[in-house]
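Here's the letter readout for the chains.
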Amino acid sequence: MLTDIRALAYLELRQLINRLRMLVRRPGRALVYVFALGYFIFISILRARFHHAPKLPQIAEPYASAIFFAYLVLLGVIAYGAASGIAGAFSSPADALFLTRSKIPERIVVLWLQLRRCATTMLRMLFTIVIYTLMFAASGTVSGIGLAIVGGSVVAAAQAVPVLKLRAVAGARTAQSLAGTIAAIGLLPLLIVLSGLIATNGARFADGVERLGMGGAVNALFGGNLVALGALYAFAALLVALSLVTGTGLIADLYAASMQALTYRERAKRSGGAVFAMEHAYHTRRGGALQTVFGGVRGPWTIAWKESIAFTRSPSMQRLFLLGFAVCAVAGFVFGNVAAASRDSLEESIAFAATSANLVIMFVAMGSAIGLAADLRKPLWWMGPDPLWLRLVAWMAGTSWRLAVCLTAGIVAWAAAMRVPAIALAGIPIALAGVIQLRAVGLLLYALFPSTIDQRGPLALVRALLTYLLALPPAVAGIAALLLLRSAPAGVACAVAVSAAETALLVALAAARISGRGVALAQAEAL
Amino acid sequence: MPVFEIRGLTKRFGKKVAVDDVSFDVRGGEIVGLLGPNGAGKSTTFLCAAGLLRPDYGTFCWDGHELGNARGQTVALIPETPDVYPMLTVWEHMEFVAKSCRLTQGWQPRAEALLERFEMRAQRDTLGGDLSKGMRQKTLVAATVLASTPVILFDEPMIGLDPLGQRELRGILEDLRERGVAAIVSTHMLQQAQSICDRVVILKAGRVVASGTFDELQARPGAPASAEDVFLELTR
């Protein structure tokens, strides 16, 4: 067994060393890593000297219970993906070819794949938390919440093999039913506690759910309670150990699931990011309203039409969109009601808007690497006389509208709950401008550093920082217009106009960089 | 010579039957061509044989022993897109195979000789991501031969190779024949199949419609004169 582990460790180590060597050989890429590291050290020193970060306050009910049940829903949805035959295990077709033809016992290979998956998840989550603490220097100590998020993510990642085994033994329907049951067990109490926030007669049921004590468990985890954290990690370890027991006769399933996951990941890179999927197959069918919107377009806008076809033919993309739409609408409605009922609704609203904007920026920057390789390699994408910047604008529109629609739903629900239409009138243009600008920042960074690994690594930090930096001029312009003209519409219009000008500049720079380098960028994306 | 046997292989994707009760065998030191139009089930047959796709029915035997789920140790697939680790050098691929296949000491001279034989010494320290398709294919074959895998499946190996690459591949196949490897080559290129393969198995819509040497197929009563016409007649 030791020989096998040594061989697998050799594989990972050599790849890591070669990656580092390649990085050193390309100073441009290395610079991003140096910048990220330098920023990390600088802020860490600053934080240690000037901020005595307070301990995070306890999360109040019903939010604590809501977090627990929302996590349960997420676990169920991710398990549904594995039950439908999608789970990342082999990192590439080569990984599958070399590992399956080795003499390493299948159990060890499966265990190794599980450990590697968990380690990758932990690293990614740790990186996200580090970036979070760096950006929000006064956010308080995050060791408990950080460890809880990492542990929770590992549990979500480690459940794939046992679920795949269940699928292989009992069939996809049984595995999907189990995953659906987990999601339902979380969803029902989640809806009850959220309804307690809005309707007074719902509070009685919400109290019952809160008495289950799950909110207490969340607070114990986030507060760094060692027993609670130990239990979470022990559960994750149990799931990993289960793969040692169940990891036989699974190679074919793992291969198929991995190829599905890789295909989906490629698609997610092109279409604006997605965290998980339930199935990947495109279904050939005619789109309805969407095709009416995009079907009549001509010239470079056919790129947006092409993206809309991909959406109409992918049930997983549609489900993800509907899920995002529902989450945004419910969140907007719930927090709108909370703000309306509070003593200082303006302060509550600003806090909600700021938190939502931060979450979107962090989520998009961390969760979605931009990938244009599949398009840039195809001569079809380059056909026609239109300039590249216009194609990129069309691509941005075709891949950003879903996030824009979800945010719009949240804002409309928020405005409706507060009965203040001005929130929608001001919020929607700002949100739309923000979504497009966020995409444009990602596009420019892709044009400069196309590697997916870089984008998921230090470039995520750069992307988020650049987004915050570029948000300043529109904010200053908007506030200046508001104060000078004493008109909110003028302030919004001014902010949106400055944001649009910045976006145009970003796209022009990206187009100048991509022009003539399409194939090289496409190749560099995979390195 | 030991024999690799595929018996009653059936694979369905939903309602579509991709491979339907396919049976054939290949002896060690023999090269069998798996021919058929697009969608005939060649790649599905290979994926099932290599253990990367779960068949609905069917067994795989080597030297009289039924192979289980871990048949990748006996049957190696070289896919149409020969994937290697982009962040491992050619030599590191060999070293990983040596470690993971528990090769005894003294594998290095064999690996060196293989790189020499496949004219890859200059690429010894080149990363997989920087190799051409032909070089990646050679890396996979060299690693497979180093591991002494007795059955090798080549899925459309000629596609994307220039004439020199095609000639080199023919040389590699001849080399494998001499080493006693049982090789199955799926291809559309009939002339190549004629020059390389000892026998062919022709698939149509997932079923075996003919098998034998080209001479045998052409000698059937009423069969057309050229191999191309035989193929078209059988698969149309």
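Residues numbered from 1 in each chain as written. Chains lettered and ligands numbered in written order. Predicted model: local features only at pLDDT ≥ 70, side-chain atom pairs only at ≥ 80, totals over all residues.

Right, let's get into the overall build of chain A. If you tally the helices and strands in chain A, you get 24 helices and zero strands. The 527 residues of chain A split such that 44% are buried. Across chain A, contacts joining residues at least 24 apart in sequence account for 80% of those joining residues at least 6 apart. (Helix = DSSP H or I, 4+ residues; strand = E, 2+ residues; numbered from the N terminus. Buried ≥ 20, exposed ≤ 12 C-beta atoms within 10 Å, placed from the backbone. Contact = placed C-beta atoms within 7 Å.)

Turning our eyes to something else, we now look at the overall build of chain B. Within chain B one finds eight helices and 10 strands. Viewed in the frame of its principal axes, chain B has a C-alpha envelope of about 55 × 40 × 35 Å. Burial statistics for chain B: of 236 residues in total, 45% are counted as buried.

Our next topic: the nonpolar core. Residues Leu254(A), Leu443(A), Leu146(B) and Leu153(B) are the most contacted members of the largest nonpolar core, which totals 214 residues. Dropping the residues within four chain positions of it, Leu254(A) is found in contact with Ala89(A), Phe90(A), Val110(A), Leu113(A) and Leu164(A). (Core = buried A, V, L, I, M, F, W, Y, C linked by C-beta atoms within 7 Å.)

Attention now moves to the interface of chain A and chain B. Each partner contributes to the interface: chain A provides 29 residues, whereas chain B provides 27 residues. For the side of chain A that touches chain B, the elements supplying multiple residues, two or more each, are helix H1 (2–25), helix H4 (93–100) and helix H12 (251–271) of chain A. It is H1(A) that contributes the most residues to the side of chain A that touches chain B, nine residues altogether. When the residues that make up the side of chain A that touches chain B are grouped by side-chain class, the tally is 15 nonpolar, seven polar and seven charged. (Nonpolar A, V, L, I, M, F, W, Y, C, P; charged D, E, K, R; others polar.)

With respect to the helices and strands, the residue Ala96(A) is situated in helix H4. In the structure, Ala96(A) is positioned 156 residues away from Ala252(A) in sequence and 9.6 Å away in space, judged by C-alpha atoms. Setting aside residues up to four positions removed in sequence, Ala96(A) forms contacts with Phe90(A), Tyr255(A), Ser258(A) and Leu52(B).

Right, let's talk about the sheet that holds strand E8 (residues 182–187) of chain B for a bit. Residues and elements named next belong to chain B. A sheet is described by the order of its strands in space; here six strands give the open sequence E6-E7-E8-E3-E9-E10, paired in mixed fashion. Unpaired on one side and paired on the other, strand E6 (75–78) and strand E10 (207–212) mark the two borders of the sheet. For this sheet the average axis-to-axis angle between neighbouring strands, irrespective of direction, equals 20°. Sheet topology note: the strand E7 (residues 151–155)/E8 ladder contains five bridges and is parallel. Residue Leu-153 lies in a different strand from E8, and its bridge partner there is Ile-184. (Pairing = 2+ DSSP bridges. Axes fitted to C-alpha atoms, helices over the stretch in contact; angles between N-to-C directions.)

The next thing to look at is the packing of helix H14 (residues 302–312) of chain A against helix H19 (residues 388–418) of chain A. All names here are of chain A. Look at H14 against H19: their axes get within 7 Å of each other, and the N-to-C directions meet at 25°. The angle between H14 and H19 places the two elements in the roughly parallel class. Where H14 crosses over H19, the handedness of that crossing is right-handed. Along the contact surface, H14 presents Ile-303, Ala-304, Glu-307 and Ser-308, while H19 presents Arg-391, Ala-394, Trp-395, Ala-397, Gly-398 and Thr-399. Here the residues of the contact of H14 with H19 are counted per class, giving five nonpolar, three polar and two charged. (Parallel < 35°, antiparallel > 145°, perpendicular 65-115°, else oblique. Left-handed = near helix turned anticlockwise from the far one by under 90°.)

Summarising the sheet, strand E1 (residues 3–13) of chain B and strand E2 (residues 16–27) of chain B pair through eight bridges and their orientation is antiparallel. Its bridge partner being in E2(B), Glu5(B) is matched across the sheet by Asp25(B).

Once that is clear, we can look at the pairing of E8(B). Residue and element names in this part refer to chain B. For E8, a buried count of six out of six residues is recorded, marking the element as mostly surrounded by other parts of the structure. By the bridge criterion, five bridges tie strand E3 (residues 31–35) to E8 in an arrangement that is parallel. Its bridge partner being in E8, Gly-33 is matched across the sheet by Val-185. Taken together, E7, helix H5 (residues 163–178) and E8 constitute a β-α-β crossover, and its handedness is right-handed. (Right-handed = clockwise from strand over helix to strand, strands pointing away.)

All names here are of chain A. Where H19 meets helix H23 (residues 488–514), the closest approach of the two axes is 9 Å, and the angle between their N-to-C directions is 120°. Relative to H23, the element H19 is oriented oblique. When you trace H19 past H23, the crossing you get is right-handed. Each of Leu-388, Trp-389, Leu-392 and Val-393 in H19 lies in contact with H23, whose residues at this interface are Val-507, Ala-508, Ala-510, Ala-511 and Ile-514. Taken together, the residues of the contact of H19 with H23 break down into nine nonpolar, no polar and no charged.

Working definition: the strands of a sheet are paired by backbone hydrogen bonds and lie parallel or antiparallel to each other. Strand order in the open sheet made by the four strands is E2-E1-E4-E5 (chain B), with antiparallel pairing throughout. Two strands close off the open sheet at either side, each with one partner strand: E2 and strand E5 (65–66) of chain B.

Any region with low pLDDT has predicted coordinates that should not be read closely. Residues and elements named next belong to chain A. Mean pLDDT over chain A stands at 82; residues scoring 70 or higher make up 89%. Here helix H13 (residues 289–295) stands out as the element of chain A with the lowest mean pLDDT, 59, in contrast to H23, whose mean of 92 is the highest. Confidence drops under a pLDDT of 50 for residues 272–284, and excluding neighbours within four residues, the segment shows 38 contacts in the predicted structure. (pLDDT = per-residue confidence, 0-100.)

Moving on: the confidence of the model for chain B. Taken residue by residue, chain B gives an average pLDDT of 87. The fraction at 70 or more is 100%. The ipTM, which scores confidence in the relative placement of chains, is 0.85 for this predicted complex, and the corresponding pTM is 0.76.

Summarising burial for H4(A): six of the eight residues are buried, a large majority. By the burial criterion, the buried members of H4(A) are Ala94(A), Ala96(A), Leu97(A), Phe98(A), Leu99(A) and Thr100(A).

Residue and element names in this part refer to chain A. Over its 31 residues, H19 extends 43 Å from the first C-alpha to the last, a length consistent with the 45 Å expected when each residue adds 1.5 Å. Ser-400 marks where H19 bends most, by close to 45°. Burial analysis of H19 places 24 of its 31 residues in the buried class, which makes it a mostly covered element. Looking one or two residues beyond H19, the residue adopting positive phi is Arg-419, at roughly 55°. (Expected span 1.5 Å × (residues − 1). Bend = angle between axes of the 7 residues up to and from the residue.)

This next bit is on the environment of Val163(A). Residues and elements named next belong to chain A. Residue position: Val-163 is located in helix H7 (residues 160–170). With 25 C-beta atoms packed within 10 Å, Val-163 lands in the buried category. A C-alpha to C-alpha distance of 8.6 Å links Val-163 and Tyr-80, two positions 83 residues apart in sequence. Setting aside anything within four residues of it in sequence, one finds Val-163 in contact with Ala-79, Ala-82, Ala-83, Ala-175 and Ala-179.

Residues and elements named next belong to chain A. Along the chain, the position of Leu-262 falls in helix H12. Leu-262 gets classed as partly exposed once you count the C-beta atoms within 10 Å, which come to 18. The spatial distance from the C-alpha of Leu-262 to the C-alpha of Ile-86 is 9.1 Å, given a sequence separation of 176 residues.

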